[in-house]
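Commentary on secondary and tertiary structure
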Amino acid sequence: IVGPHVVEWADFNNFALFFAETFSGGHELVDTLGIKLVAFHPLYSLHNGKFQCGERVATATPGLPLAWGTVTAVDLGCTEEGDVLVGVRLDCGDEGVLVQDDIDYVVPIKGRHDGSADGEDDEANLILRAPRPLLHLLRCKDLALAEEAGLRGD
């Protein structure tokens, strides 16, 4: 599904937020239609892992709504395994600490670019870029067959 005329989607952060909220990061149609969605965008950019207080973040669990919150602390250290900890106040009012790798979506503060300023993530970004914003539909049945054949992609 290509969306070149959706004005709001020209901005990557708006597109990513729409995809995260509307389609639960691609999992929304898995149970009802057997379809997983993958988003592509010309300006796709991974978060550089350097969180700022005030950024909106979400965690996705298949079959559950996204849990959205706001970063409240960024200097909480690491777990014993070396995972970076981030303080978050969830929209439901709960406050806690999340492991950085468990944060699935980030909406940066306006005016702050989401990707790495020095381009270190450029190669990783290319895999989810396309000339126009689009949603790619994958049949879960086909994904399962590929996985059975040992062709699993993460």
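Residues numbered from 1 in each chain as written. Predicted model: local features only at pLDDT ≥ 70, side-chain atom pairs only at ≥ 80, totals over all residues. Heavy atoms only, no water.

**Focus on the overall build of the chain**
Rules: Here a helix means four or more residues in a row that DSSP labels H or I, a strand means two or more in a row labelled E, and each is numbered from the N terminus. Three exposure classes are used, based on accessible area relative to the maximum for each residue type with a 1.4 Å probe and protein chains only: buried under 20%, partly exposed in between, and exposed over 50%. In this description, contact between two residues means that some pair of their heavy atoms is separated by no more than 4.5 Å.
Across its full length, the chain carries four helices and seven strands. Walking the chain from its N terminus toward its C terminus, one meets helices and strands in the order α-α-β-β-β-β-β-β-α-β-α. Evaluated residue by residue, the chain yields a buried proportion of 32% over its 154 residues. Relative to all contacts within the chain whose residues are 6 or more apart in sequence, the contacts with residues 24 or more apart total 58%.

**Observations regarding the confidence of the model for the chain**
Short version of the rule: By definition, pLDDT measures how confident the predictor is in each residue, and it falls between 0 and 100.
A residue-level look at the chain finds 83% of positions with pLDDT of 70 or above and a mean pLDDT of 81. Put simply, helix α3 (residues 122-126) is where the chain has its lowest mean pLDDT, 69, and strand β7 (residues 134-139) is where it has its highest, 94. Long-range and interchain partners of residues 111-120, a stretch whose pLDDT sits below 50, account for 19 contacts in this model, where long-range means more than four residues apart.

**Side note on the nonpolar core**
Convention followed: We define a nonpolar core as any set of buried Ala, Val, Leu, Ile, Met, Phe, Trp, Tyr and Cys residues linked to one another through side-chain atoms lying within 4.5 Å.
Counting residues in hydrophobic clusters, the biggest one holds eight residues: W9, F15, F19, F23, I35, L37, A39 and L135. Of all the elements in the fold, those that place two or more residues in this core are α1 (12-23) and β1 (35-40). Non-local contacts of W9, meaning those with residues more than four positions away in its chain, are made with G3, F15, F18, H41 and P133. Counting seven residues, the second largest nonpolar core, distinct from the first, contains F51, V71, V88 and V106.

**Quick notes on the sheet that holds strand β2 (residues 56-59)**
Note the cut-off: Two strands make a pair as long as DSSP finds a minimum of two bridges between them. Throughout, an axis means a line fitted to C-alpha atoms (over the contacting stretch in the case of helices), and angles, computed between N-to-C directions, take values from 0 to 180 degrees.
Ordered by their spatial adjacency, five strands build an open sheet running β5-β4-β3-β2-β6, and the pairing between neighbours is antiparallel. The open sheet is flanked by β5 (95-99) and β6 (105-107), the only strands paired with a single partner. Direction aside, neighbouring strands of the sheet carry axes that sit 40° apart on average. Strand direction decides the pairing type here: β2 and strand β3 (residues 67-73), joined by four bridges, are antiparallel. Directly across from A58, in β3, lies its bridge partner W68.

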